[in-house]
Amino acid sequence: MLLLGVSAVSRAQGGSGRGMMSPADRVKALKESLKLTDDQATKITAIYEAQTKQIDSLRNAGGDRSAFRPIMQATNEKVKAILTAEQAAAWQKEMDERRARMQQGGGGAPPQK
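Being a predicted model, the structure only gives us computed values, none of them experimental.

*Asks:* Just to check I follow, could you spell out the packing of aromatic side chains for this structure?
*Replies:* Remark: the centre distance and the inter-plane angle together describe each pair of aromatic rings, the angle taken between the planes. Applying the stated criterion across every chain, the model contains zero aromatic pairs. Across from the ring centre of Tyr48, 3.8 Å away, lies the NZ or CZ of Arg26, which sits over that ring.

*Asks:* What am I meant to see in the side chain of Thr75 here?
*Replies:* Tracing the backbone through its elements, the reader meets Thr75 in helix α4 (residues 65-82). For Thr75, a relative accessible area of 4% gives the class buried. If near-sequence neighbours (up to four positions away) are discounted, Thr75 is found in contact with Ile47, Tyr48 and Gln51.

*Asks:* Explain the packing of helix α2 (residues 23-34) against helix α5 (residues 85-103) to me, please; I cannot follow it from the model alone.
*Replies:* How two helices pack is summed up by the angle between their axes together with the distance between the axes. In the contact formed by α2 and α5, the axes pass within 11 Å of each other and the chain directions differ by 115°. Taken together, the axes of α2 and α5 lie roughly perpendicular to each other. The two elements α2 and α5 cross, and the hand of that crossing is right-handed. Here α2 contributes Leu30, Ser33 and Leu34 to the contact with α5, which in turn contributes Gln87, Ala90, Trp91 and Glu94. Broken down by class, the residue content of the contact of α2 with α5 amounts to four nonpolar, two polar and one charged.

The rules behind the values
Residues numbered from 1 in each chain as written. Predicted model: local features only at pLDDT ≥ 70, side-chain atom pairs only at ≥ 80, totals over all residues. Heavy atoms only, no water. Phe/Tyr/Trp six-rings, centres within 6.5 Å; stacked < 30°, edge-to-face > 60°. Lys NZ or Arg CZ within 6 Å of the ring centre and 35° of its normal. Helix = DSSP H or I, 4+ residues; strand = E, 2+ residues; numbered from the N terminus. Buried < 20%, exposed > 50% of the residue type's maximum accessible area, 1.4 Å probe, protein only. Contact = heavy atoms within 4.5 Å. Axes fitted to C-alpha atoms, helices over the stretch in contact; angles between N-to-C directions. Parallel < 35°, antiparallel > 145°, perpendicular 65-115°, else oblique. Left-handed = near helix turned anticlockwise from the far one by under 90°. Nonpolar A, V, L, I, M, F, W, Y, C, P; charged D, E, K, R; others polar.

Shape descriptors only; they carry no functional weight alone.
Right under this line is the structure:
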């Protein structure tokens, strides 16, 4: 399963209640792909919950996607700071691969196996 750092951002933009992954689901996926410790998972869950609240607040105020980018970047930096160097490298690789798929029009879904 691919790490959902970047997808977490795009999913958060969709808002909760619209079939998007919750912060807990996003962390569960990260825990599997990066072998997060329980402590890391707890900290990252709090980061994603705060991001979701910020984005929902901006969306409710009529903000557009460009307003979400600084929040998403800050979230990614906070998550990266919690990861080990090895986890951060794997996470970055998965984010880059996902970004490349999105730019090719393939969306963010992981490839089917």
